[in-house]
Amino acid sequence: MERAELFKKLNEGIIDERFHLFKNNVVKNKSLIDKFGGLRDIVPILRGKDVIIAGAGSSIDREMDLLREAVSFSDVMLICADMSYLPLLKRYIVPDFVITCETSPNDYFSVSDFSSHLLAFSCSSNCNLRRWKGRMSFYNWMMKGEYESLWAKAGIGLGYVSTGSTVISQAVSLALGCGIKSLALIGNDLAYKDSYYMKGTFRSMKDESNYSRFATCDSVSMSYVRRARQFVVKTPLGDFYSHNQFLAAKYWLEDLFSKSNLSLIECSIPGCRGTNIINVRFEKYLKYLRERA
């Protein structure tokens, strides 16, 4: 499938399936939006920092000890996806920011640490936001047309973030707009082989509830992966599988960095590849942080 066609179908699907939900959510969120405001105060916090963005891909599981050390450096800021937040807390890693664009109720924030700051899409699920105990800031998508009525209700002064169909793509767009020093991705796999999500996510815990003598951890994970296979992604590490949302995000990020002045340090497996994208193990990126410190 051509990239332009893939993006077009995803955007049309969002409008057709989610627009009514978006409208209901933004009305429910208005009191929180008025209380906390937009992204204005986030820019100086991230400016000049080394930013790590953590997704919920399974490759992040093996890097937890290294990630804990990386975020201990004073100039490093960690932004994590909503789904990876609870698993990180359980491993004693407290992100500086958590980003969410989830428009349906999900138990991402049943536990939350007051020191993290939530970055929320203005049409996020109000149920999810009400569970958050700390600070938050809101943003709109950088999409016009039918969306403009939503941004008017939310408030056009919140700030606009580009989206490549995943929350990590929004985190990347936000970080690049803040004048950061460097950007590294971890757990932004965007394709899979035998496991889909990092351990401890609500999705993996749901799978664990179905384990039995005849349905082991590996077999349940593989069953989920097989159902989600839509495309083959060929990489130097071998063949991986993906679906339309992940593939669109991969294309979008690769196109973004091919035109960017900042290189992306990609530590996910397989993650993104292409011009201005440096594919390294997270251990090597941590070595860079150690030497500079």
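Structure: see above.
This text gives an overview of the structure that appears in the document. (Residues numbered from 1 in each chain as written. Predicted model: local features only at pLDDT ≥ 70, side-chain atom pairs only at ≥ 80, totals over all residues. Heavy atoms only, no water.)

**Overview of the overall build of the chain**
The helix and strand tally for the chain stands at 11 helices and 11 strands. Looking at the chain as a whole, 54% of its 293 residues qualify as buried. Partitioning the contacts of the chain with sequence separation of at least 6, the portion at a separation of at least 24 is 62%. Just so you have it, the chain exposes about 13,600 Å², and 51% of that area is on carbon and sulfur atoms. (Helix = DSSP H or I, 4+ residues; strand = E, 2+ residues; numbered from the N terminus. Buried < 20%, exposed > 50% of the residue type's maximum accessible area, 1.4 Å probe, protein only. Contact = heavy atoms within 4.5 Å. Areas by Shrake-Rupley, 256 points an atom, 1.4 Å probe, with all protein chains shown as cover.)

**Remarks on the sheet that holds strand S11 (residues 277-279)**
The sheet built from nine strands is open, its strands ordered S6-S5-S4-S3-S2-S1-S7-S10-S11 with parallel pairing. Every other strand in the sheet has two partners, leaving strand S6 (160-161) and S11 as the edge strands with one partner each. In terms of strand pairing, strand S7 (residues 182-186) meets strand S10 (residues 264-266) through three bridges, oriented parallel. Across the sheet, residue Leu 185 finds its bridge partner in S10, namely Glu 266. Packed onto the sheet, helix H11 (residues 282-292) meets strand S1 (50-54), strand S2 (76-81), S7 and S10 and runs at close to 155° relative to S1. (Pairing = 2+ DSSP bridges. Axes fitted to C-alpha atoms, helices over the stretch in contact; angles between N-to-C directions.)

**Considering unusual backbone geometry**
For residues other than glycine, phi is negative in most cases, and the peptide bonds are mostly trans. Between Ile 269 and the following residue, Pro 270, the backbone shows a cis peptide bond with an omega angle of 0°. By the element assignment, Pro 270 lies in the loop between S10 and S11. Of note, Tyr 92 is a non-glycine position whose phi angle comes to about 60°, a positive value. Note on placement: Tyr 92 falls in the loop between helix H4 (82-90) and strand S3 (97-100). In the Ramachandran plot, Asn 276 falls in the positive-phi region, its phi being about 65° despite a non-glycine side chain. Tracing the sequence through the fold places Asn 276 in the loop between S10 and S11.

**Structural notes on the nonpolar core**
In this structure, Leu 46, Val 51, Ile 52, Ile 53, Tyr 139 and Leu 183 are the most contacted members of the largest nonpolar core, which totals 85 residues. Beyond its immediate stretch of four places on either side in the chain, Leu 46 contacts Val 51, Met 77, Ile 79, Phe 97, Leu 174, Cys 178 and Ile 180. One finds Ala 191, Val 233, Phe 240 and Tyr 251 within the second-largest nonpolar core, a separate group that totals five residues. (Core = buried A, V, L, I, M, F, W, Y, C linked by side-chain atoms within 4.5 Å.)

**Details of the pairing of strand S8 (residues 231-235)**
Looking down a regular strand, the side chains alternate between one sheet face and the other. Direction of pairing for S8 relative to strand S9 (residues 238-242): antiparallel, over a ladder of five bridges. Its bridge partner lying in S9, Val 232 is registered against Tyr 241.

**Focus on the environment of Tyr 241**
Summarising the element assignment, Tyr 241 is placed in strand S9. For the pair Tyr 241 and Phe 231, spaced 10 residues apart in sequence, the C-alpha separation works out to 5.6 Å.

**Things to note about the pairing of strand S4 (residues 117-121)**
In terms of burial, S4 is largely enclosed, as five of its five residues are buried. Across the two faces of S4 the burial is the same, with His 117, Leu 119 and Phe 121 and Leu 118 and Ala 120 all buried. Here S3 pairs with S4 via four bridges, running parallel. Residue Thr 100 lies in a different strand from S4, and its bridge partner there is Ala 120. In the sheet, S4 pairs with strand S5 (residues 135-141) via five bridges, with the strands oriented parallel. Counterpart to Ala 120 in the pairing with S5 is Phe 138.

**A few points about the environment of Arg 292**
Locating Arg 292 in the fold gives a position in helix H11. Those residues in contact with Arg 292 that sit more than four places away from it in its chain are Asp 50, Asp 75 and Lys 181.

**Overview of a nonpolar patch on the surface**
Taken together, the side chains of Met 142, Ile 156 and Tyr 160 make up a nonpolar region of the molecular surface, amounting to roughly 320 Å² of accessible area. Structurally, Ile 156 is set in the loop between helix H6 (148-154) and S6. (Patch = residues over 30% accessible without salt bridge, like charges linked within 9 Å, V, L, I, M, F, W, Y side chains within 5 Å. Salt bridge = Lys/Arg side-chain N within 4 Å of Asp/Glu carboxyl O.)

**A short note on the packing of aromatic side chains**
If you walk through the whole model with that rule in mind, you get 14 aromatic pairs. Pairing Phe 121 with Trp 151 gives two aromatic rings, centres 6.0 Å apart and planes at 75°, and the pair type is edge-to-face. Placement of the pair is Phe 121 in strand S4 and Trp 151 in helix H6, with a sequence separation of 30 residues. We note that Phe 121, like Trp 151, is buried. The aromatic ring of Phe 240 is capped on one face by Lys 193, whose charged end is 4.8 Å from the ring centroid. (Phe/Tyr/Trp six-rings, centres within 6.5 Å; stacked < 30°, edge-to-face > 60°. Lys NZ or Arg CZ within 6 Å of the ring centre and 35° of its normal.)

**Let's talk about the pattern of salt bridges**
Summed over all chains, the structure comprises nine salt bridges. The closest approach of N and O atoms between Arg 68 and Asp 65, which form a salt bridge, is 2.9 Å. On the criterion of helical spacing, the pair formed by Arg 68 and Asp 65 is a turn pair, its members being three residues apart in helix H3 (residues 64-70).

So yeah, pure geometry; function would need other evidence.
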